[in-house]
Amino acid sequence: MQASVNERELVLDMLLQITRDGEYSHIVIKNVLDKYQYLDKRERAFITRVVNGTLERMIEIDYIINQFSKVKVNKMKPVIRTILRSSVYQMKYMDSVPDSAICNEAVKLAGKRGFVNLKGFVNGVLRNIGRNLDKISYPDEKDQEAFISIKYSLPEWMVKQWLKVYDEETVKMIGKAFLEEKPLTVRFDEHKIKKAELISILEKEGVTAGEVPEIPCALYLSGYDHLSALPSFCEGLYQVQDLSSMQVCCPLFLYKIFQLCPVSVILGGTGEINIVQQCLDIESCSADNDWNMSVGINLLHCIFSHLLKSNDMEFIPWFQIIYQIMRNTLHLFRAYLGRTNIHVFI
């Protein structure tokens, strides 16, 4: 029989490793979940959510705590600071846990870690926050930098830089997107296994698989406990990968870029547009991704050179960005695959 584990103690230790000791969050979370695989799915989900949520909302959480504590967050003992942070996250963003239970567990944890004399402090701060959670005073929206920084838990220096480039609504939209829960996405090799076959295998393992319309070789996964328990994952039928990084390597994404840009106008109606259509046709998505990508970069290089000669300043900045991203990604992709037969003429 497995020994019982206190979930909140695990959360405390994990957050201390990350915020105090400087360890990487994804490694800490993985190590703990691997060690305690016998925990119930609900318990594992609770641990993951509280750790990730506390880190993601830390700037806002610290702001809230500072409004109700005479001792500011940066002056607190690391253990007490971490207990308060994770507790405030649960109070504000996890309705399933009663505030009274959160306070009681936090007080017990403080005493268990040798801070018996601070149990009253922890209890007082959390109960005060709990009573006034719907009355939190945020910075005035006229102070764009401070408001966006606190509301979306973004470093103020970053907000300041973004506001130099984007309008206020765009920066808020970016901040909101950072905090949205993202589904797990995986990528599979269409040459090794067909999508329908992989979906069938996943369904037999109790996993819900959803298609990603814009990327043929990607799937959304949900309803699983942990990936390492899935035979399909252990067999290497797919790998976890973010959608944004998939798009850079996807020929369909390249095709969309050329659809959005008036390439035929840029190239002056030359025959090169036919090469674009042939090499980046939607049907070619099933072809070798790294080959398509090298072709795409060479075409971007060709178009970019043409732009420089024609001095068409309207399109140059866009192609500079796209070209650099594609170039850097291909070199990483090549190194990952150990391929040396990809030729990029740059």
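Use the structure listed above.
Let me sum up the structure you'll find in this document. None of these values were measured; they are calculated from a predicted model.

1. Some details on the overall build of the protein chain
Within the protein chain, the regular secondary structure consists of 18 helices and 4 strands. Taken over 346 residues, the protein chain has a buried fraction of 43%. Counted over contacts in the protein chain with a minimum sequence separation of 6, partners at least 24 positions apart contribute 64%. As presented, the protein chain carries roughly 19200 Å² of accessible surface, and 54% of it is formed by carbon and sulfur atoms.

2. Quick word on the nonpolar core
Val51, Ile65, Ile83, Leu84, Val122, Leu126 and Ile129 are the most contacted members of the largest nonpolar core, which totals 55 residues. Leucine 126 has contacts with Leu84, Ser87, Val88, Met91, Cys103 and Ala106, leaving out every residue within four places of it along the chain. If you look at the next biggest cluster of nonpolar residues, it comprises 14 residues, including Val186, Leu198, Leu227 and Tyr238.

3. Looking at unusual backbone geometry
Phi is positive for serine 153, which is not a glycine, with a value near 50°. Of note, serine 153 is situated in the loop between α8 (144-151) and α9 (156-165). Classification of serine 153 as buried rests on a relative accessible area of 10%.

4. A short note on the packing of helix α4 (residues 58-68) against helix α7 (residues 119-132)
Packing of α4 against α7 brings their axes to within 9 Å, and their N-to-C directions diverge by 105°. Between α4 and α7, the angle is such that the two are roughly perpendicular. Residues Ile64, Ile65 and Phe68 of α4 lie in contact with α7, whose contacting residues are Val125, Asn128, Ile129 and Asn132. Split by residue class, the contact of α4 with α7 holds 5 nonpolar, 2 polar and no charged.

Rules of the game
- Residues numbered from 1 in each chain as written.
- Predicted model: local features only at pLDDT ≥ 70, side-chain atom pairs only at ≥ 80, totals over all residues.
- Heavy atoms only, no water.
- Helix = DSSP H or I, 4+ residues; strand = E, 2+ residues; numbered from the N terminus.
- Buried < 20%, exposed > 50% of the residue type's maximum accessible area, 1.4 Å probe, protein only.
- Contact = heavy atoms within 4.5 Å.
- Areas by Shrake-Rupley, 256 points an atom, 1.4 Å probe, with all protein chains shown as cover.
- Core = buried A, V, L, I, M, F, W, Y, C linked by side-chain atoms within 4.5 Å.
- Axes fitted to C-alpha atoms, helices over the stretch in contact; angles between N-to-C directions.
- Parallel < 35°, antiparallel > 145°, perpendicular 65-115°, else oblique.
- Nonpolar A, V, L, I, M, F, W, Y, C, P; charged D, E, K, R; others polar.

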